[in-house]
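# Inside the fold
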Amino acid sequence: KFSDVYKRPTTSIARLIDVLNGNLIGGAPNPELGKEAVAAMLNALNLDGLGGPTNFPISAAEVARLFNAVINGGTVEPTSTYAGKRWGAAEVLTYFRCINGTGFCPVTIPSVT
């Protein structure tokens, strides 16, 4: 999915370092979401090997699910225990920043399990 939406100015597929540095063409739908998704994925994989929720709030699979659902303007139900509430890109970005330790954690955002 990253390769579909994140490209370098030369229009070639962005590398991880390009996403993290914001070296993307203007058409990237949400560079900040991409950066935080990359960080969340690396945190999930690093802290738990396979991305299990033991030492990180969500798995690598959940990072991908949340990102893929909202990157092109969609919404996602973050968790079955939070039925009916849907997040857009802004809420997913806030959540990623929260769990990555790069932003505040509002009390209205539940854990994703």
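Before reading on, note that the structure itself is shown above.
Structure report, in brief.

Parameters and conventions
- Residues numbered from 1 in each chain as written.
- Predicted model: local features only at pLDDT ≥ 70, side-chain atom pairs only at ≥ 80, totals over all residues.
- Heavy atoms only, no water.
- Helix = DSSP H or I, 4+ residues; strand = E, 2+ residues; numbered from the N terminus.
- Buried < 20%, exposed > 50% of the residue type's maximum accessible area, 1.4 Å probe, protein only.
- Contact = heavy atoms within 4.5 Å.
- Areas by Shrake-Rupley, 256 points an atom, 1.4 Å probe, with all protein chains shown as cover.

### With respect to the overall build of the protein
Helix and strand counts for the protein stand at five helices and zero strands. Mapped in sequence order, the helices and strands of the protein form the string α-α-α-α-α. Counting the 113 residues in the protein, one finds 38% classified as buried. Restricting the contact set of the protein to residue pairs at least 6 apart, pairs at least 24 apart contribute 41%. As displayed, the protein has an accessible area near 5900 Å², and 56% of this comes from carbon and sulfur atoms.

### Comments concerning the environment of Phe-56
Within the secondary structure, Phe-56 sits in the loop between helix 3 (31-48) and helix 4 (60-70). Given a relative accessible area of 4%, Phe-56 falls into the buried group.

### A word on the environment of Ile-99
Within the secondary structure, Ile-99 is located in helix 5 (residues 89-100). Along the chain, Ile-99 and Ala-39 lie 60 residues apart, while their C-alpha atoms are 9.7 Å from each other. Sequence-distant contacts of Ile-99, defined by excluding residues within four places in its chain, comprise Ala-40, Phe-56, Pro-57 and Ile-58.

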